[in-house]
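A look at the structure
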Amino acid sequence: MTLKRILFRMAVRGLESVCMLHRPNAGCMENLTISPMPDGNGHTDIITVAFNNYAIIPLHHHYLEKYFADQHTHIVCDNSTDTGASREIRDYCRQNGISYIRLPQNRLKKIGGSYSHACALNWVYRYVVRPRGAHYFGITDHDLFPVAPVSLAAILDRQHVYGPLRQRGQYWYLSAILSFFDNRFLDGRSVDFMPVNYNGRDYLDTGGGLWRGLYSKLDRSRIDFCSERMENFKEGGCRHQDQVEIFDEKWLHTINGSYWKKIEIEKEGIIPDLIKKYEQQ
């Protein structure tokens, strides 16, 4: 590893350590308890990291409640840098009894969105998911919508992880857009969602840090990963503007929900029609 890479990793970990100093009682947490669940009760904690877009949260929550069949708690974890959007997300969750956490500010957005996202997930796992002890937990992007009934408990009992495969050289991991885990299998393991770079060329983005402590311990040949395909919903062919992503024919990813990639349109007005289209299919 080069000196530059070592210094970069030290900077990332230093900024993350500052964020981790903020315990749950230091931030805003509503409609949620972090007390241990008795035996997990076959329960799934679904974690959605929200970022700077209030408008898609009501749709995201509505379709999770409509189609996610397993017993679950949906927890909206607000990582927004826009205080106005954060206030709207909090107010919506408060008014509708949705579990909400205002995450402690982390400075990793200055390094890259994947690092900020990963820092948020590491904080949530350490201070929320692990103490609650639900049997399963999942991560979903805020612009991801189930469009058909989904049940994952039996799959996770069999293979411990579920989601779309990402392969980088000899390393593999699940996309942080959609990934679910058997929390009991993670107990005692190193859980780190930070991006990693192996050999100076194999870059694994958010969730890649789980390779060493989790994915490398699994037999990949025994895992059924979810299918994925891209479709254009308008002319242009730009992934972030003109396309949607479909996972297992049950999840619709409308892509770029926080507009981190600058595009020429606003999607909120067309997302309800896109969801209805794929529901019918």
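Note: the structure precedes this text.
The rules behind the values
- Residues numbered from 1 in each chain as written.
- Predicted model: local features only at pLDDT ≥ 70, side-chain atom pairs only at ≥ 80, totals over all residues.
- Heavy atoms only, no water.
- Helix = DSSP H or I, 4+ residues; strand = E, 2+ residues; numbered from the N terminus.
- Buried < 20%, exposed > 50% of the residue type's maximum accessible area, 1.4 Å probe, protein only.
- Contact = heavy atoms within 4.5 Å.
- Polar contact = N/O pair within 3.5 Å; in protein donor to acceptor, adjacent residues only side chain to side chain.
- Core = buried A, V, L, I, M, F, W, Y, C linked by side-chain atoms within 4.5 Å.
- Expected span 1.5 Å × (residues − 1).
- Arc of directions from axis to C-beta.

**Structural notes on the environment of glutamine 71**
Relative to the assigned elements, glutamine 71 resides in the loop between α2 (57-67) and β3 (72-78). The partly exposed category is assigned to glutamine 71, whose relative accessible area is 46%. Spatially, the C-alpha atom of glutamine 71 lies 9.4 Å from that of serine 151, the residues being 80 residues apart in sequence. Residue contacts for glutamine 71: discarding those within four places in its chain leaves Asn41, Gly42, His43 and Thr44.

**A short note on the environment of leucine 165**
Mapped onto the secondary structure, leucine 165 falls in strand β8 (residues 165-168). Once the C-alpha coordinates of leucine 165 and aspartate 45 are considered, the two residues, 120 residues apart in sequence, prove to be 21 Å apart. The residues touching leucine 165, leaving out its near neighbours within four places in the chain, are Trp172, Tyr173, Arg220, Phe225 and Glu228.

**Here's the deal with the side chain of threonine 206**
Secondary-structure assignment places threonine 206 in the loop between β12 (202-204) and α7 (210-213). Of the polar contacts made by the side chain of threonine 206, one reaches the backbone oxygen of serine 114; its length is 3.1 Å. Among all residues touching threonine 206, those that are not within four sequence positions of it are Ser114, His117, Ala118, Leu121, Tyr173, Leu174, Ala176, Phe193 and Pro195.

**Overview of the nonpolar core**
One finds Trp123, Phe181, Phe193, Leu214 and Tyr215 to be the most contacted residues of the largest nonpolar core, which totals 44 residues. Non-local contacts of tryptophan 123, meaning those with residues more than four positions away in its chain, are made with Cys19, Met20, His22, Arg23, Pro24, Ile101, Leu103, Pro104 and Val128. Formed by 16 residues, the second largest nonpolar core is a distinct cluster that contains Tyr162, Leu178, Phe180 and Cys226.

**Section: helix α1 (residues 3-20)**
Relative to the 26 Å expected for 18 residues at 1.5 Å per residue, α1 spans 25 Å between its end C-alpha atoms, a close match to the ideal helical length. The complete set of buried residues in α1 reads Arg9, Val12, Glu16, Cys19 and Met20. End-on view of α1: buried residues confined to an arc of 95°, all on one side of the axis. Exposed side of α1, more than 90 degrees from the buried face: Leu3, Lys4 and Met10 are the residues found there. Elements in contact with the buried residues of α1: α4 (113-132) and β11 (196-198).

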